[in-house]
Structures are given as structure tokens and as C-alpha cells.
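# Understanding the architecture of this molecule
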Amino acid sequence: ELKVEQNPLFLSMQEGKNYTIYCNYSTTSDRLYWYRQDPGKSLESLFVLLSNGAVKQEGRLMASLDTKARLSTLHITAAVHDLSATYFCAVDIWTEYGNKLVFGAGTILRVKS
Amino acid sequence: NAGVTQTPKFRVLKTGQSMTLLCAQDMNHEYMYWYRQDPGMGLRLIHYSVGEGTTAKGEVPDGYNVSRLKKQNFLLGLESAAPSQTSVYFCASSQATAGGSYEQYFGPGTRLTVT
């Protein structure tokens with residue numbers, strides 16, 4: 001059974017600081033997605049990572065994928081309050097019925113001014 | 001395009017009552033999914049569908065049934081609601097892209113409380 005572990009589960013950081021969220025998974029996959037969720041809202045796609053070594057950047061967020069290590073990272077540079085949200089990674093796997101995603105538990109990020 | 005829509009947005013049920021949640025998508029996606037979200041547990045897959053008339057069980061299927069009679073709609077049914085089914089339910093859809101992505105697009109969610 002695929003397990004997807006995110007850490008930390010809760011992150012409180014000061015504005016202007018850098019930090020990294022880690023996503024480890026337990027089976028072979030070369031497709032991984034990052035989503036953002038604001039309180040009471042739905043999930044919004046942030047990054048689609050489709051191969052080993054993939055790196056995507058958007059503003060202060062950068063995501064990478066190492067399929068050999070079964071690890072993805074979401075790096076936050078110079079955090080601002082607007083980045084406060086819950087971040088999920090999701091691993092894409094094939095089943096006999098088609099593909100599905102397995103989500104991590106999520107990282108709650110609070111950026112303090 | 002509306003994307004993925006869900007009906008209703010909120011619902012309160014008594015234990016033992018039944019209900020159906022409707023998910024609709026206008027992107028002509030083959031794949032559709034139902035998840036539940038509980039605090040600290042991320043999203044857990046209930047059932048999914050890889051095309052009209054085809055469904056499969058996810059991680060937590062017990063107590064739920066689904067149907068996909070039309071490509072654009074995916075229904076989630078609770079035959080006899082239990083308090084443990086109090087949750088936020090999300091529907092999503094996806095389609096393979098030329099680049100190999102199956103990125104999922106999510107609906108706004110349905111907040112269900114079972115008393």
C-alpha cells in the first residue's frame with residue numbers, strides 16, 4: 001500500500017524566512033502534484049512534476065522531484081503572509097482501473113509578520 | 001466553463017437517512033473521483049471512475065455507492081448515513097495530457113454533517 005508522508009505537518013514561520021516542506025512516498029512513481037488549500041476552500045493546483053529531476057518555480061515557491069529517492073520538496077523563499085495555507089503533495093499511481101492520486105496529510109503553513 | 005461543480009454545498013442528515021451528492025464537470029474529462037477530507041488526514045479516495053459506466057473502489061469505500069451513467073456526472077450515495085461520515089466531500093476530474101499529466105481539478109466541496 002502506498003504511503004505518502006509530509007513533514008512537517010505544521011509550520012509556523014516568520015515573514016522573510018526560507019523553509020522546505022518534504023514529501024516522501026513509498027512506491028515507484030514519476031508523477032507528483034502539489035496543491036494549495038485555503039481555509040474553507042477547495043484545492044488549487046500549484047505544480048505538476050512529471051519526471052525525475054523536474055523543478056518548477058512560481059513566485060516564492062519552488063518544487064522538485066527526485067524519483068530515485070522517492071522525495072519531493074516544496075521550498076519557500078522569503079515567506080510572505082499570503083502564503084499561509086495548507087499544502088498537499090499527491091502521488092500519481094496506476095491501478096488496474098486507471099490512475100489515482102494518494103495524498104499526504106498536508107502541511108499547515110502560518111506565516112507571521 | 002464552470003469546471004467542476006458540486007451539489008449541494010451543505011447538508012445536515014440524521015443517522016440512517018440517505019442522500020446523493022452530485023458532481024458535474026464540463027471539461028469532457030474521462031476520470032472522476034470522490035474524496036473525503038477529515039482534519040489531519042488529507043484527502044482519502046472513496047470511489048473513482050475511469051469512464052462512463054465504470055467505477056472502482058478507493059481507500060475508504062464502505063458505506064458509499066457511486067454511479068456514472070453520463071460522462072459529465074458522478075454521483076455519490078450514502079444509503080444509511082452514520083456520524084462517522086461527517087466530513088467535507090470533494091469531487092475531482094482529470095484527463096491525460098500529451099505530457100503525461102493526470103492533474104486533477106477539484107470542485108468546491110460539500111460539507112456534510114450527520115447527527
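Look a little higher up for the structure.
Bear in mind that the values here come from a model prediction, so they are computed numbers and not experimental data.

So, about the overall build of chain A. A tally of helices and strands in chain A yields zero helices and eleven strands. Going from the N terminus to the C terminus, chain A shows its helices and strands as β-β-β-β-β-β-β-β-β-β-β. Relative to a compact globule of 113 residues, whose C-alpha radius of gyration would be 13 Å, chain A shows 14 Å and is just as compact. With respect to the three principal axes, the spread of C-alpha positions in chain A is 50 × 30 × 20 Å. Nonlocal contacts in chain A, meaning residues at least 24 apart in sequence, comprise 54% of its contacts between residues at least 6 apart. A total accessible area of about 5500 Å² is found for chain A, and carbon and sulfur atoms account for 48% of it. Taken together, the 12 basic and 11 acidic charged side chains of chain A have centroids lying 4 Å from each other.

Here, the word disulfide means a covalent bond between the sulfur atoms of two cysteines. Residues and elements named next belong to chain B. Within this structure, the stated rule accounts for two disulfides over all chains. Between the sulfur of Cys 23 and that of Cys 91 lies a disulfide, 1.8 Å long from S to S. Measuring handedness by torsion sign, the sulfur bridge of Cys 23 and Cys 91 sits at about -75° and is left-handed. In this pair, Cys 23 sits in strand 3 (residues 19-25) while Cys 91 sits in strand 9 (residues 87-94), placing the two residues 68 residues apart along the sequence. Cys 23 gets classed as buried once you look at its relative accessible area, which sits at 0%. For Cys 91, a relative accessible area of 0% translates into the label buried.

Residues and elements named next belong to chain B. If you walk across this open sheet you meet the four strands as 1-3-8-7, and the pairing is antiparallel. Either end of the sheet is taken by a strand with one partner, and the two such strands are strand 1 (4-7) and strand 7 (65-67). On average, each strand axis in the sheet is tilted by 20° relative to the strand beside it, whichever way the strands run. Summarising the sheet, strand 3 and strand 8 (residues 73-78) pair through six bridges and their orientation is antiparallel. Across the sheet, the residue bridging to Thr 20 is Gly 77, located in strand 8.

Analysis parameters
Residues numbered from 1 in each chain as written. Chains lettered and ligands numbered in written order. Predicted model: local features only at pLDDT ≥ 70, side-chain atom pairs only at ≥ 80, totals over all residues. Heavy atoms only, no water. Helix = DSSP H or I, 4+ residues; strand = E, 2+ residues; numbered from the N terminus. Rg over C-alpha atoms; globule rule 2.2 N^0.38 Å. Contact = heavy atoms within 4.5 Å. Areas by Shrake-Rupley, 256 points an atom, 1.4 Å probe, with all protein chains shown as cover. Lys, Arg positive; Asp, Glu negative; His and termini not counted. Charge placed at Lys NZ, Arg CZ, Asp CG, Glu CD. Disulfide = S-S within 2.5 Å. Buried < 20%, exposed > 50% of the residue type's maximum accessible area, 1.4 Å probe, protein only. Pairing = 2+ DSSP bridges. Axes fitted to C-alpha atoms, helices over the stretch in contact; angles between N-to-C directions.

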